[in-house]
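Here are the chains, one letter per residue:
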Protein chains: 2
Amino acid sequence: MSDIEIARAAKKRPIQEIGAKLNIPLDDLLPFGHDKAKVSEGFIKGLQGKKDGHLILVTAINPTPAGEGKTTTTVGLGDGLNAIGKKAAICIREASLGPCFGMKGGAAGGGYAQVVPMEDMNLHFTGDFHAITSAHNLLAAMLDNHIYWGNDCEIDIRRVAFRRVMDMNDRALREIVCNLGGVANGFPREAGFDITVASEVMAILCLATDLEDLERRLGNIIVGYRRDRSPVYCRDIKADGAMTVLLQQAMQPNLVQTLENNPAFVHGGPFANIAHGCNSVIATTTALKLADYVVTEAGFGADLGAEKFFDIKCRKAGLKPEAVVLVATVRAMKMNGGVKKDGLGEENVEAVKAGCANLGRHIQNIKKFGVPAVVAINHFVTDTEAEVQAVKDYVASMGSEAILCQHWAKGSAGTEELAHKVVEIIEGGSAQFAPIYPDEMPLFQKIETVAKEIYRADEVIADKKIRDQLRQWEEAGYGNLPVCMAKTQYSFSTDPNLRGAPTGHSVPVREVRLSAGAGFIVAICGEIMTMPGLPRVPSAEAIRLNEAGEIEGLF
Amino acid sequence: MSDIEIARAAKKRPIQEIGAKLNIPLDDLLPFGHDKAKVSEGFIKGLQGKKDGHLILVTAINPTPAGEGKTTTTVGLGDGLNAIGKKAAICIREASLGPCFGMKGGAAGGGYAQVVPMEDMNLHFTGDFHAITSAHNLLAAMLDNHIYWGNDCEIDIRRVAFRRVMDMNDRALREIVCNLGGVANGFPREAGFDITVASEVMAILCLATDLEDLERRLGNIIVGYRRDRSPVYCRDIKADGAMTVLLQQAMQPNLVQTLENNPAFVHGGPFANIAHGCNSVIATTTALKLADYVVTEAGFGADLGAEKFFDIKCRKAGLKPEAVVLVATVRAMKMNGGVKKDGLGEENVEAVKAGCANLGRHIQNIKKFGVPAVVAINHFVTDTEAEVQAVKDYVASMGSEAILCQHWAKGSAGTEELAHKVVEIIEGGSAQFAPIYPDEMPLFQKIETVAKEIYRADEVIADKKIRDQLRQWEEAGYGNLPVCMAKTQYSFSTDPNLRGAPTGHSVPVREVRLSAGAGFIVAICGEIMTMPGLPRVPSAEAIRLNEAGEIEGLF
């Protein structure tokens, strides 16, 4: 059966029953249909002071076209923990609507480790991303309107720093000239659109602890600069209040269920590139109050996703992760070992061994954050016993353990061993989480620390202009912010073709950006595309309702 | 108490109870929170063959800055009908999000004749408009993508006829140049954004009878022309299927309640200018299967709104309205009689009498459609008895009846007399509805018919180019479509300052547009703004959450 067939055959329980598993009262679950709900703000406030459950991060090796299954393993481990009698919940990210119409693919897991309702999750869901789009574009409209009516803030229209967003792959909007058509339409200037997940408003929603914090952060967004280079903030344009109103409902975490009817919080989904790529802080902290074990994921491979999870999300939200599950597949090991995609079906133990270097480095890196790690081998039907054993042996040689998981085929029955291991690690109490650099370290040194400690680069290359910019921000009081690295996800280095565990490379920082509302400095180390395009044959062409009213072609 | 204070004090019932009043089973109500729900597609399909209730249209005199209260009266009459023991539902339009951040004002009625939850209705509601924005912009993105990847349809990029939309007042986007930035970003061309309610996709959603009809109409949208002027359709770009998927949920009517806990369908809201400005066909036809009396409204004054309701919505959906309520206020009569806004507080019977000519012509016009009309005088506290009597006497002299309504202050108790009168009219069985022109009349003659019969113009002025265009469309098979007049709402003429009942004027047609998906020809008689701008001090500046978490400044 395909993923979508499995999802359609799911025996979903009413969402109120799922909420009851976490002791959420009926009135505090705001239903969206019969299978989705938001958890009320008031209920979440009332949880303060309660003891936190244990936090587990699922991350992965550097992604390859072979696929790793980070979300699938997050779902599988959550179900596995429930199956062995633990009260567990998962926290994953919402899917972006626009890209679903470009390439096929969803974001709800796969096989027998899925979250449902899958169709809704890949379409409008509970409207969070639409609310973010509205709030973002309201600020943009108010900004141009401010300039139109006299520009009291004296914004230099060449230095407007806030673009518009749309949840769509639309290359035509990457670069535009707006305000054309004469006096009534404003002052012509260069502008552009990003995809909604790349919005700073999205990153803010995912880091805010409550509505007050949200409003404060929104007010801090820098929308442009004056001729003297001094910043103009969102609050100068007086948009922060209305944006908060637009986001009030979106700030409430969404509750859905796994195929095994276990609770899943699906909330947030900031771009894992120019933002931090994690489930929202409010969803994760809420889940920790309601469940004894909370499994969450981070974007891309561990060098990008786990690092940002630790150094940005956990640091800022005061989270203490106690275990890491590092997802690897035999197929991805083979690709890291030099095998092409069409050769993955054949047994090749030597290639597996060669590719393990990538996995090994991630294991070492995670230890640097003081969190014990276990490797989950996400099983694929073509994997041979010898190949699996090769991975296990390698991981053992690194002082860790690899466990074969078959959640894709078997659901929780395929992850019980992993679940037991994770519980054992947590009960062992060996975790001593700490970010890899302190708040007070100078900004450039923070970038160097990540590049050298995590990417294993020899050096960071940056123009004087970039170093000066970082120093200026330090003087302006932003020196204590963490850095959000923007780099290719395919390699430890900045060269996407350099698989395995490269050394001796250097990390060029092309540009730095201040996300004053989200609260980080983005260091751009390579090309960053913030508005994707559609392919020659977009998957949208095949998406339609069939005669049964079911959605075809979306997955 | 202010409208918002009254709304917050409402004793809302769970939406399931409201649905039960219309015999909608629990499973067929898809809840959005505890006070909103969508009615399932399957349930609606199952209603076919059931007897229809009676349809009542609420329309008004030409709007003035004094306000008339069309939605308020629709709500009041619905409650009044329920109060006198009839099973009644109302069908009104959804509010557009963007404009709420420009000028103050909502679209949920007022005083004790409101629909709740008011805040949600003025914000994201159930996401219908966001879905329309997504579907519209998906087509726009696929269109530019089609051109980018080789332009197999040979679209002339100077003749792209499909803009993008955003639910925001954003003048900066009215006219843009897009696809800038080099080869990877496409072919630069002029483009622009309209507000979402002006989207043809919105008009289509509001006229479609079911999902199949929706998909067919979406496919018919003309997105551009080739150099030989032949049209390229949405279905040539293969976007119709995915757009239908995006709109699947939005096609389900939304159920909410009045302050008196009576059912209200709030669905659709096409621009009353370049579209027809009515509640969706699917909501109205569904309500007619579930209630014995259905009260609905149309945009602007009766010359625009009622005419389009009759000639477009009723014609196309086969609806048979049996009574019309024409809303007037003493204050608006005074303004039509020449009084300025700051003089409205003083008694001025002569001005009321002078202004009644506007009302009288609307009464005559409605009779031309074969539907009996009653006038509702929406009472305002400063109205004097003599002024009210002057309106009543005038209406009586026109062979109709005017009834004083006090729903704003008293709810249903203020409209019982009106409700009895409406029932009496319907039971009298005198209605013989017919559109004012037949399908087979040539297009230009249709425009002339409306201009002469309804606007009482002497003539229609149009260039040869426009007449040729209409003939070309007739040859292409579009001759049987109705015309959708786009004209100022403030006057019977095309001059917004010409109040009262002008004669001897001419109607210049500046432009004609083919909405092949929606199924009408738009005749533009004056300036049409399809993307509003924000005022100098947008209401958004004062919108924020107060300490109780309530929304301030939105209303």
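What counts, and where the lines are drawn
- Residues numbered from 1 in each chain as written.
- Chains lettered and ligands numbered in written order.
- Predicted model: local features only at pLDDT ≥ 70, side-chain atom pairs only at ≥ 80, totals over all residues.
- Heavy atoms only, no water.
- UniProt positions renumbered as here; feature names shortened; annotations may be inferred.
- Helix = DSSP H or I, 4+ residues; strand = E, 2+ residues; numbered from the N terminus.
- Rg over C-alpha atoms; globule rule 2.2 N^0.38 Å.
- Buried < 20%, exposed > 50% of the residue type's maximum accessible area, 1.4 Å probe, protein only.
- Lys, Arg positive; Asp, Glu negative; His and termini not counted.
- Charge placed at Lys NZ, Arg CZ, Asp CG, Glu CD.
- Polar contact = N/O pair within 3.5 Å; in protein donor to acceptor, adjacent residues only side chain to side chain.
- Domains from an automatic or database assignment.
- Contact = heavy atoms within 4.5 Å.
- Buried area = accessible area lost by both parts, 1.4 Å probe.
- Salt bridge = Lys/Arg side-chain N within 4 Å of Asp/Glu carboxyl O.
- Nonpolar A, V, L, I, M, F, W, Y, C, P; charged D, E, K, R; others polar.
- Least-squares fit on C-alpha atoms with pLDDT ≥ 70 in both.
- pLDDT = per-residue confidence, 0-100.
- Axes fitted to C-alpha atoms, helices over the stretch in contact; angles between N-to-C directions.
- Parallel < 35°, antiparallel > 145°, perpendicular 65-115°, else oblique.
- Pairing = 2+ DSSP bridges.
- Expected span 1.5 Å × (residues − 1).
- Arc of directions from axis to C-beta.

Taking an unreviewed UniProt entry as the reference, chain A is identified by name as Formate--tetrahydrofolate ligase belonging to Harenicola maris. Listed in UniProt under the heading Pathway (unreviewed entry), the comment for chain A reads: "One-carbon metabolism; tetrahydrofolate interconversion." The Sequence similarities (unreviewed entry) field of the UniProt record for chain A holds the comment "Belongs to the formate--tetrahydrofolate ligase family."

> Could you give an account of the overall build of chain A, with specific residues and numbers?
Looking only at helices and strands, chain A features 20 helices and 26 strands. For 555 residues, the compact-globule estimate of 2.2 N^0.38 gives 24 Å, and chain A sits close to it at 23 Å. Here the C-alpha coordinates of chain A stretch approximately 70 × 55 × 50 Å along the principal axes. For chain A, the residues scored as buried account for 64% of the 555 residues in total. Charge centroids of chain A, computed over 59 positive and 68 negative side chains, lie 3 Å from each other.

> Now, about helix α7 (residues 200-207) of chain B: what can you tell me, with residues and values included?
All names here are of chain B. Across the 8 residues that make up α7, a large majority, 8, are buried. Listed as buried for α7 are Glu-200, Val-201, Met-202, Ala-203, Ile-204, Leu-205, Cys-206 and Leu-207. Among the residues of α7, the N-terminal cap falls to Ser-199, whose side-chain oxygen and the backbone nitrogen of Val-201 are separated by 2.9 Å.

> Can you explain the domain arrangement of chain A? Please cite residues and give values.
Residues and elements named next belong to chain A. Here chain A is partitioned into domain 1 (3-126 + 250-428), domain 2 (131-240) and domain 3 (443-524). A separation of 25 Å is found between the C-alpha centroids of domain 2 and domain 3. With 9 residues of domain 2 at the contact, the number on the domain 3 side is 8 residues. Around 580 Å² of area is buried between domain 2 and domain 3 when both sides are counted, 54% of it from carbon and sulfur atoms. Along the contact surface separating domain 2 from domain 3 lie 0 salt bridges. The interface formed by domain 2 and domain 3 holds 5 residue pairs in polar contact (both at pLDDT 80 or more) in total. Tallied by class, residues from the side of domain 2 that touches domain 3 come to 6 nonpolar, 1 polar and 2 charged.

> Account for the relation of the copies chain A and chain B, naming residues and giving values.
Structural alignment of chain A on chain B gives an RMSD of 0.0 Å, achieved by rotating through 180° and translating 0.0 Å along the axis. Each copy turns onto its partner about a two-fold axis. Among all residues of chain A, the one whose C-alpha sits closest to the rotation axis is A:Phe32, at a distance of 2.3 Å. Residue by residue, 100% of the interface of chain A is reproduced at the interface of chain B, so both copies engage with the same surface.

> With reference to specific residues and values, describe the confidence of the model for chain A.
Taken as a whole, chain A shows an average pLDDT of 95; of its residues, 99% reach a score of 70 or greater. At the level of chain-chain contacts, confidence expressed as ipTM amounts to 0.96, with global pTM at 0.97.

> Could you give an account of the packing of helix α19 (residues 443-453) of chain A against helix α20 (residues 464-478) of chain A, naming the residues involved and the relevant values?
All names here are of chain A. In contact at an axis separation of 8 Å, α19 and α20 are set at 120° when each is read in the N-to-C sense. The orientation of α19 relative to α20 falls into the category oblique. Between α19 and α20, the residues in contact are Leu-443, Phe-444 and Ile-447 and Arg-467, Leu-470, Trp-473, Glu-474 and Tyr-478, respectively. Class assignment for the residues of the contact of α19 with α20 results in 6 nonpolar, no polar and 2 charged.

> An account of the interface of chain A and chain B is requested, with residue identities and associated values reported.
In this assembly, 65 residues from chain A lie in contact with 65 residues from chain B. For chain A, the biggest contributors to the area lost against chain B are A:Trp149, A:Arg171 and A:Val245; these three give 11% of the whole. At the boundary of chain A with chain B, the tally comes to 4 salt bridges. Notably, a salt bridge pairs B:Asp170 with A:Arg164, separated by 2.8 Å at the nearest N-O pair.

> For the sheet that holds strand β23 (residues 520-524) of chain B, give the residues involved together with the corresponding values.
All names here are of chain B. Read across the sheet, 3 strands follow the order β20-β23-β22 without closing on themselves; strand pairing throughout is mixed. The sheet terminates laterally at β20 (483-486) and β22 (511-515), the two strands that pair on one side only. In this sheet, adjacent strand axes meet at a mean angle of 25° when their direction is disregarded. Across the sheet, helix α11 (residues 302-317) lies against β20 and β23, angled at about 170° from β20, the strand it touches most.

> Please set out the sheet that holds strand β7 (residues 155-160) of chain A residue by residue, giving values where relevant.
Backbone hydrogen bonds hold the strands of a sheet together, and the pairing may be parallel or antiparallel. Residues and elements named next belong to chain A. The strand order β7-β12-β13 describes an open sheet built from 3 strands, whose pairing is antiparallel. A single partner strand is all that each edge strand has here, and the edge strands are β7 and β13 (231-233). Across this sheet, the average inter-strand angle for adjacent strands is 50°, counted without regard to direction. Examined bridge by bridge, β7 and strand β12 (residues 222-226) share 2 bridges and lie antiparallel to one another. Opposite Val-160, over in β12, you have Gly-224 as the bridge partner.

> For helix α14 (residues 385-397) of chain B, give the residues involved together with the corresponding values.
All names here are of chain B. Under the 1.5 Å per step criterion, the end-to-end length of α14 is 18 Å for 13 residues, consistent within 8% with the ideal 18 Å. Buried residues of α14: Glu-387, Val-388, Ala-390, Val-391 and Val-395, and no others. Buried positions in α14, seen along its axis, are confined to an arc of 155° and lie on one side of it. Residues Glu-385 and Ser-397 are exposed on α14 and point more than 90 degrees away from its buried face. On its buried face, α14 is in contact with α12 (330-336), α13 (349-368), β17 (373-378) and β18 (402-405). Just downstream of α14 lies Gly-399, where phi reads positive at about 80°.

> Run through the UniProt feature "binding site: ATP" (unreviewed entry) in chain A, naming residues and quoting values.
Residues and elements named next belong to chain A. Within this structure's numbering, the places UniProt gives as "binding site: ATP" (unreviewed entry) are Thr-64, Pro-65, Ala-66, Gly-67, Glu-68, Gly-69, Lys-70 and Thr-71. Not counting residues within four places of it along the chain, the set of residues in contact with Ala-66 comprises Arg-331, Ala-332, Met-335 and Leu-344. Topologically, Gly-67 is positioned in the loop between β3 (54-60) and α4 (70-83). A residue is classified by how much of its surface remains accessible, and Gly-67, at 31% relative accessible area, is partly exposed.

> Describe the pattern of salt bridges, and please don't skip the residues or the numbers.
Tallying each qualifying case throughout the model produces 62 salt bridges over all chains. A:Glu511 is paired through a salt bridge with A:Arg513; the nearest N and O atoms lie 2.9 Å apart. According to the relative accessible area criterion, A:Glu511 is partly exposed, its value standing at 30%. On the accessibility criterion, A:Arg513 (32% relative accessible area) is partly exposed. One salt bridge in this structure joins B:Lys36 and B:Asp35, with 3.2 Å as the shortest N-O distance. The pair formed by B:Lys36 and B:Asp35 is uniform in burial state, with each residue classed as buried. Each of A:Lys12, A:Asp35, A:Lys36 and A:Asp120 takes part in one network of salt bridges that share partners.

> For the side chain of A:Thr449, give the residues involved together with the corresponding values.
All names here are of chain A. Position of Thr-449 relative to the elements: it lies in helix α19. Classification of Thr-449 by relative accessible area gives buried; the value is 14%. Here Thr-449 is in contact with Ile-436, Tyr-437, Met-441 and Ile-454, once residues within four sequence places are set aside.

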